[in-house]
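Okay, here's what each chain looks like letter by letter:
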Amino acid sequence: MLINPPSYVLSVLQQLERAGYQAYVVGGCVRDSLMGMRPEDWDVCSDATPEQMLALFERRRVIPTGLKHGTITVRSQGHNVEVTTFRIDGAYSDNRHPDQVSFVAKLEEDLSRRDFTINAMAYNPRRGLVDVFGGEKDLENHTIRCVGKPDVRFHEDGLRILRALRFASRFSFDIEKETEDSIRRNRQLLSNISAERIFKELQGILLARDATRILTAFPEIFVTILPETQATQSPKEWMDRTCDIAQAPENSFPMRLTLLLRNLTPPQARSVLSRLRSDNKTRHYVVTMLEELSKPLPTTRGEMRKLIGHIGLDEARALLCIQAILTPGKNVLEANRLLKEALAAPPAYTLRHLRIDGQKLLALGATSGPILGEILQRLLNEVQEEVLTNEKDALLRRAKELLALHAKTVPSTDSSPNLGCVCKSR
Ligand code: ATP
Ligand code: MG
């Protein structure tokens, strides 16, 4: 059998069964096992109520994860196992959260509340596979199909629309016709879903191997969650954009998101990502990339070092990767060569890399104030442009010259720096 729950899961199943309860592994772990993949986590379901489970597992560490929904987390051999009481969901008045859940005695009822047939199978070593909705066949046929009537199921929970696209994208599955038509028809239900959940599903879709196919096939869904992208969107432009996404590495969500949002200005992208409650790191990455994409690429090693100092080395690499996708050609090849050369030399990207600091300038007789930063920045620029070596003696000599120049041009009472335009930054 393809389904082999590890011993820490079997131990929870056995303890429940010995006490006279039913117990099954269920959902994603059964699906993944049947596909020959290793499940990330194993969910267990049982007819034991949360109170009965708390009593049964009293010798184990138990976390009451979601008692109201019937879920507890049991520690077993150093692992967490979520165990949920068989349940059906009550009415959904907000298209997202059941108004109440009811615990039920039969596994089949619990399976009927699950979203897609491939996610609605359970397994127990003695009883074998329980598959009342044809999930195994749909797995074989690479099909995502709602359990029950799609319109009803999407009205209960609009997030299932994005879950369907995520599973289709992750496994390269097709969406069964009735389910697909219902997804398109009911897309407005997504407006009831919280931004955090939408963002998380979008991440799952973009990271999956078949993201491009799904983005291309369901433009209206993505316009519903990202209406800001619509303004400049022609079908051809959308197609180009989704094809570009396939060229970005599979594990790079921020890069794929940048490509998806690339027709927005940086402030527009910032506001879209704030609305979607993106984490700060991703938002900063996308906005930085869009800002840099609007500027010419570095054409000298000095400019390349400034770019790295400004946005960071990984980000500079990512920027070149994005540029190579968007505008492949001589300029990107040249920029990659400059990056390689800059990396082959000792780093000179930020003031941290300069072999002298403000203290050394003070020791030379400089007065404290903005002039210190100005001189250090100028020294860094000259090192970056390779007109000055990053060695202490050379830097001190040049610093003395700059201080003398400053003393000549600035009356002694005026401490404002006057070194000309010394801080050329991107
Ligand atoms: P993943 O590998 O992405 O975690 P999964 O199938 O385990 O996939 P989860 O979100 O962890 O997905 O949910 C576990 C199970 O709970 C699903 O397999 C499905 O049976 C059920 N489920 C989860 N979310 C929903 C939902 N919104 N509507 C109906 N059933 C759901
Ligand atoms: Mg899961």
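Residues numbered from 1 in each chain as written. Chains lettered and ligands numbered in written order. Predicted model: local features only at pLDDT ≥ 70, side-chain atom pairs only at ≥ 80, totals over all residues. Heavy atoms only, no water.

Draft legend 1. Seen up close, the environment of A269. As for its position among the elements, A269 is in helix 14 (residues 266-275). Residues A269 and E385 lie 116 residues apart in sequence; the distance between their C-alpha atoms is 33 Å. Those residues within four positions of A269 in sequence are excluded, and the remaining contacts are L264, V286 and L290. (Helix = DSSP H or I, 4+ residues; strand = E, 2+ residues; numbered from the N terminus. Contact = heavy atoms within 4.5 Å.)

Draft legend 2. Highlighting the nonpolar core. Counting residues in each nonpolar core, the largest one holds 91 residues, and the members touching the most others are L165 and F222. In terms of residues, this core owes the most to one element, helix 7 (residues 159-171), which gives eight residues. Residue-level mapping places this core at the junction of two domains, with at least three residues from each of domain 1 (7-140) and domain 2 (150-294). Residue contacts for F222: discarding those within four places in its chain leaves L165, L202, I205, I214, L215 and W238. (Core = buried A, V, L, I, M, F, W, Y, C linked by side-chain atoms within 4.5 Å. Buried < 20%, exposed > 50% of the residue type's maximum accessible area, 1.4 Å probe, protein only. Domains from an automatic or database assignment.)

Draft legend 3. Representation of the pattern of salt bridges in the model. Here the structure, examined in full by the defined rule, presents 34 salt bridges. The shortest N-O distance in the salt bridge between R184 and E220 comes to 2.9 Å. Of the two residues, R184 sits in helix 8 (residues 177-185) while E220 sits in helix 11 (residues 219-225), which places them 36 residues apart along the sequence. A residue is classified by how much of its surface remains accessible, and E220, at 22% relative accessible area, is partly exposed. Sharing partners across several salt bridges, the network here consists of R301, R305, E334, R337, E341 and E386. (Salt bridge = Lys/Arg side-chain N within 4 Å of Asp/Glu carboxyl O.)

Draft legend 4. Highlighting the sheet that holds strand 3 (residues 62-66). Spatial ordering of the open sheet is given by 3-4-5-2-1-8-9, a layout of seven strands whose pairing is mixed. Single-partner strands in this sheet number two, and they are strand 3 and strand 9 (128-130). Strand-to-strand, the axes of this sheet are offset by a mean angle of 35°, without reference to chain direction. Bridge count between strand 3 and strand 4 (residues 71-76): three bridges; the pairing is antiparallel. Bridged to I63 within strand 4 is T73. (Pairing = 2+ DSSP bridges. Axes fitted to C-alpha atoms, helices over the stretch in contact; angles between N-to-C directions.)

Draft legend 5. Inspection of the domain arrangement of the chain at higher detail. For the chain, the assigned domains are domain 1 (7-140), domain 2 (150-294) and domain 3 (351-409). Taking only C-alpha atoms, the centre of domain 2 and the centre of domain 3 are 49 Å apart.

Draft legend 6. Up close: the site of ligand 1. Around ligand 1, the surrounding shell holds 15 residues, and the nearest of these are R31, N119, D157, R160 and R170. Within the side chain of D157, a nitrogen or oxygen atom sits 2.8 Å from a nitrogen atom of ligand 1. Burial of ligand 1 by the surrounding chains reaches 74%, relative to a free accessible area of 580 Å². Going through the elements one at a time, helix 2 (28-34) and helix 7 are the ones with two or more residues in the shell around ligand 1. Per element, the largest residue contribution to the shell around ligand 1 is five residues, and it comes from helix 7. Of the residues assigned to the shell around ligand 1, the class counts are one nonpolar, three polar and eleven charged. Shared between two domains, the shell around ligand 1 holds at least three residues of each, these being domain 1 (7-140) and domain 2 (150-294). (Near = heavy atom within 4 Å. Polar contact = N/O pair within 3.5 Å; in protein donor to acceptor, adjacent residues only side chain to side chain. Areas by Shrake-Rupley, 256 points an atom, 1.4 Å probe, with all protein chains shown as cover. Nonpolar A, V, L, I, M, F, W, Y, C, P; charged D, E, K, R; others polar.)

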